[in-house]
Amino acid sequence: MDVTVAQLEALLAVGEHGSFTRAGQALGRTQSAVSRAIAALESALGGPVVHRDEVGFTELGRTVATHASAVLDGLRTINELAAEVRAPSLRVGAVASALVRFVPTAVQRWQRDSPRSQVLTLQGEDDELLAWLADGTIDLAVTTQPGPDSQCVLEDEFLAVVPKDHPASRQDRVRLAELIRLGVADPGGTCGPALAEGFAAHGVEWRPDHVVRDVGTVVAMAAAGITAGVAPAMALPEPLPPAVAVRPLEPRLSRRVYLHYRVADPDVVHFVERLTTW
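Every chain's residues receive numbers from 1 upward, in the order its sequence appears when written. Reporting of local features is limited, given that this is a predicted model, to residues whose pLDDT is at least 70; pairs of side-chain atoms are given and counted only at 80 or more, and all residues count toward the totals for whole chains, interfaces and linings. Note that water and hydrogens are dropped before the side-chain values are worked out from all heavy atoms of the structure.

Engineer: Sorry if this is basic, but what is going on with the overall build of the protein chain here?
Structural biologist: Numbering goes from the N terminus for both helices and strands, where a helix is a DSSP run of H or I of at least four residues and a strand is a run of E of at least two. Across its full length, the protein chain carries ten helices and twelve strands. All radius of gyration figures rest on C-alpha atoms, and the globule criterion is 2.2 Å times the number of residues raised to 0.38. At 21 Å, the protein chain has a C-alpha radius of gyration in line with the 19 Å of a compact globule built from 278 residues. For the protein chain, the C-alpha atoms occupy an extent of roughly 55 × 50 × 35 Å along the three principal directions. Relative accessible area decides the class of each residue, using a 1.4 Å probe on protein chains only: under 20% of the type maximum gives buried, over 50% gives exposed, and in between gives partly exposed. The buried share among the 278 residues of the protein chain stands at 42%. Any two residues whose heavy atoms approach within 4.5 Å at even a single point are treated as in contact. Partitioning the contacts of the protein chain with sequence separation of at least 6, the portion at a separation of at least 24 is 71%.

Set out below in structure tokens:
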């Protein structure tokens with residue numbers, strides 16, 4: 001079961017404040033982020049946890065909220081104990097795709113230069129990461145959305161991910177309309193809206209046959225011969241499975257990756273230098 005801390009926090013905040021909007025304000029998130037967190041929790045549990053009409057807990061929601069309070073209290077205690085033992089030198093939050101190779105490569109470089117340093121990495125959505133940065137939970141955020149004083153560090157190209165025996169694998173570049181005609185999987189997260197916008201800009205409707213939760217699932221589906229997919233280059237594993245090929249899109253589509261940080265701490269500055277040499 002894939003239940004996250006963010007989902008449990010959203011559930012308790014909705015119960016305490018009586019609305020998705022006020023829960024978002026209390027958590028430093030948008031109303032839509034709270035709504036998505038509740039929907040994902042309900043999907044994981046297999047049933048509703050709140051009544052939408054009057055924003056109160058269902059019976060399942062009350063039970064989950066009781067356990068969520070205990071879980072979060074326990075996590076806070078564990079975090080306090082961990083802080084007493086050894087606080088990390090740097091706390092980095094990033095979208096899921098940046099945690100495949102982009103951030104780990106920078107961590108390896110940084111720790112090679114500073115062997116005794118410690119890095120804590122956290123995964124979150126764009127709006128969550130900016131909220132965590134604002135409240136001091138993390139020192140650095142890697143997102144796919146710009147923000148105040150953000151720094152664009154790279155253009156991350158979208159690539160077609162296809163089975164080796166797929167018709168598109170025999171092409172140097174895969175045209176957008178052809179990929180839709182052959183069938184495609186959406187990797188989820190912020191990629192879907194970015195792809196919809198990019199395809200529309202070239203007169204092609206983004207109509208995926210499958211919408212999944214991560215790039216790993218897209219690669220697994222392509223390796224099994226189920227479907228082609230599209231994924232950002234930074235999120236593709238290395239090496240790729242032997243049964244998978246990647247091809248550029250025609251026209252080329254990409255997204256931007258941004259860094260956000262508030263304090264010119266030497267550790268943050270040094271880590272940013274390693275990210276920007278990707």
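Engineer: Can you walk me through the pattern of salt bridges in this structure?
Structural biologist: In what follows, salt bridge is the name for a side-chain nitrogen of Lys or Arg lying within 4 Å of a carboxyl oxygen of Asp or Glu. As enumerated under the stated definition, the model contains twelve salt bridges in all. Across the pair Arg274 and Glu273 runs a salt bridge, and its minimum N-O distance is 3.8 Å. Take Glu273: its relative accessible area is 42%, and that puts it in the partly exposed class.

Engineer: It is not clear to me how the packing of helix α2 (residues 20-27) against helix α3 (residues 31-45) should be interpreted in this structure. Could you clarify?
Structural biologist: The geometry of a pair of packed helices is captured by two quantities: the angle between their axes and the separation between those axes. At a minimum axis separation of 8 Å, α2 and α3 run at an interaxial angle of 105°. On the basis of the axis angle, α2 is roughly perpendicular to α3. In this structure, α2 uses Phe20, Thr21, Ala23, Gly24 and Leu27 to contact α3, whose residues at the interface are Gln31, Val34, Ser35 and Ile38. What counts as an axis is a line fitted to C-alpha atoms, over the stretch in contact for a helix, and the angles between N-to-C directions run from 0 to 180 degrees. Comment on the angle field: the value is read as roughly parallel under 35 degrees, roughly antiparallel over 145, roughly perpendicular from 65 to 115, and oblique elsewhere.

Engineer: Got a minute to help me understand the side chain of His260 in this structure?
Structural biologist: Note that His260 resides in strand β12 (residues 254-260). Ignoring anything within four residues of it in the chain, the contact list for His260 reads Leu130, Leu133, Asp139, Leu140, Ala141, Thr143, Gln145, Pro146, Gly147 and Ser150.

Engineer: Can you help me understand unusual backbone geometry in this one?
Structural biologist: Geometrically, the link from Glu238 to Pro239 is a cis peptide bond, its omega value of 0° lying close to zero. Structurally, the position occupied by Pro239 is in the loop between β10 (228-232) and β11 (244-250). Between Glu250 and Pro251 the backbone carries a cis peptide bond, its omega angle lying at 0°. At Asp149, a residue that is not glycine, the phi angle is positive and equals roughly 65°.

Engineer: How should I be thinking about the pairing of β12 in this particular structure?
Structural biologist: Where a strand is regular, its side chains alternate between the two sheet faces. The element β12 is largely enclosed, with a buried count of five among its seven residues. Strands were regarded as paired on the criterion that DSSP finds at least two bridges between them. Note that strand β5 (residues 140-143) and β12 share three bridges and pair antiparallel. Within the sheet, the bridge partner assigned to Thr143 lies in β12 and is Tyr258. With six bridges connecting them, strand β6 (residues 151-163) and β12 associate as antiparallel partners. Looking across to β12, one finds that Leu154 is bridged to Val257.

Engineer: Can you walk me through the environment of Ser19 in this structure?
Structural biologist: By secondary structure assignment, the location of Ser19 is in the loop between α1 (5-17) and α2. Residue class for Ser19 comes out buried when judged on its relative accessible area of 14%. For the pair Ser19 and Ala224, spaced 205 residues apart in the sequence, the C-alpha separation amounts to 43 Å. Not counting the four nearest positions on each side in its chain, Ser19 is found in contact with Val14 and Val55.

Engineer: Help me understand the packing of aromatic side chains, please; the structure alone is not making it clear to me.
Structural biologist: Aromatic ring pairs are reported here in terms of the distance separating the ring centres and the angle at which the planes meet. By convention, a stacked pair of Phe, Tyr or Trp rings (six-membered ring in the case of Trp) has centres within 6.5 Å and planes under 30 degrees apart, an edge-to-face pair has planes over 60 apart, and any other such pair is tilted. Under the definition given, this model contains two aromatic pairs. Relative to Phe271, the ring of Trp110 lies with its centre 5.9 Å away and its plane at 90°, an arrangement referred to as edge-to-face. Here Trp110, found in helix α5 (residues 102-113), pairs with Phe271, found in helix α10 (residues 266-275); they are 161 residues apart in sequence, far enough to count as distant. Neither residue differs from the other here; Trp110 and Phe271 are each classed as buried.

Engineer: Help me out: how do you make sense of the environment of Val71 in this one?
Structural biologist: Positionally, Val71 belongs in helix α4 (residues 59-85). Residues Val71 and Arg175, 104 residues apart in the sequence, show an inter-C-alpha distance of 48 Å.

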